[in-house]
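Take a look at the letters that make up each chain.
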Amino acid sequence: MGALAGKGVVVTGAGRGIGRALALRAVQEGARVVVNDLDADNARAVAAEAGGTAVPGDASSTEGVTALVEAATEALGRVDVYFANAGVDGAWGFDSLQAPDDVWERVVDVNVMAHVRAARELVPRWLADGQGGRFVVTASAAGLLTMIGSAPYSVTKHAAVGFAEWLSVTYGYRGIDVHAICPQGVRTAMLDAAGPLKDLLSRDGALEPEDVAEAVVVAIEEGRFLVLPHPVIADYYVARATDTDRWLAGMGRLQQKLDESGAMGGQH
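K.L.:
Describe the sheet that holds strand β3 (residues 53-54), and please don't skip the residues or the numbers.
P.N.:
Taken together, 7 strands build an open sheet; the order of strands is β3-β2-β1-β4-β5-β6-β7 and the sheet is parallel. In this open sheet, the two strands that pair with only one neighbour each are β3 and β7 (226-227). Where strand β4 (residues 81-84) meets strand β5 (residues 133-138), 4 bridges bridge the pair, whose relative direction is parallel. Directly across from A84, in β5, lies its bridge partner V137. Each of β1 (8-11), β2 (32-35), β3 and β4 is contacted by helix α3 (residues 62-76), which is oriented at about 150° to β2, the strand it contacts most.

K.L.:
Go over the pattern of salt bridges, please, and point to the residues and values.
P.N.:
Following the criterion strictly, the structure yields 12 salt bridges and no others. Residues R78 and D129 are paired through a salt bridge, measuring 2.7 Å at the closest nitrogen-oxygen approach. Of this pair, R78 sits in the loop between α3 and β4 while D129 is found in helix α4 (residues 101-129), placing the two residues 51 residues apart along the sequence. Given a relative accessible area of 15%, R78 falls into the buried group. Here D129 falls in the partly exposed class, since its relative accessible area comes to 36%. Each of R20, E49 and E210 takes part in salt bridges that share partners, so that together they form one network.

K.L.:
Now, about the pairing of strand β6 (residues 176-181): what can you tell me, with residues and values included?
P.N.:
With 5 of 6 residues buried, β6 is to be regarded as a mostly interior element. Both β5 and β6 contribute to a ladder of 6 bridges, which runs parallel. Note on β6: the bridge partner recorded for V137 is A180. Where β6 lies against β7, 2 bridges are found, and the strand directions are parallel. Opposite A180, over in β7, you have L226 as the bridge partner.

What counts as what
Residues numbered from 1 in each chain as written. Predicted model: local features only at pLDDT ≥ 70, side-chain atom pairs only at ≥ 80, totals over all residues. Heavy atoms only, no water. Pairing = 2+ DSSP bridges. Helix = DSSP H or I, 4+ residues; strand = E, 2+ residues; numbered from the N terminus. Contact = heavy atoms within 4.5 Å. Axes fitted to C-alpha atoms, helices over the stretch in contact; angles between N-to-C directions. Salt bridge = Lys/Arg side-chain N within 4 Å of Asp/Glu carboxyl O. Buried < 20%, exposed > 50% of the residue type's maximum accessible area, 1.4 Å probe, protein only.

Next comes the structure, spelled out in structure tokens:
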């Protein structure tokens, strides 16, 4: 019996892509699943496919998170595992340094505050009943390395990893297991929308969402915080930490090459 067997699982942003793959894989592992997505039709379709319960809605706002957790608790009896998977890229297609405040606020809300708000709801419940819980953040390799392109995306993915680390340190010894999923290129709508960065993000191979879900299950079973569907990201992470100036200089040369080729078209 795996770690997800018999558990009540919530997956946000599960209407397609990585979220859908996580929901379906959780069911394969023996979990009972609540599927959340802003797109109600997609949420219901995946829930039907998974034999789970659809709870459409905004998983980033305080009200939306509260409503989701309440509905999921009613459907599942208890939320044992929460996949905070919903995310947005933000600021593709223009100079992201000039991204207006409303873009930053939306990306921060979805990519960071959604995790904070969900943890506020769930962690006290998990501590109160003494049964613990599992909180899984879908971040990105951009949260460990350096992202060319969208500033809001890069900054918020770093923040997502930072919050997951803090959550693990603060509550791990009290029975709260935390994981951060940090893939590079994955064949999703977000990758398709990356424009000239699509090739860069796929340089180490673009994975299928199901590959990410498999890596998550393995990491959970092994008790690893970082989920790296692209194992090479671990080497890049070490290189970045070992000689940060060299790493940034290399990334700068790559940025310059893209600029000189005209590929970026103002997307930085």
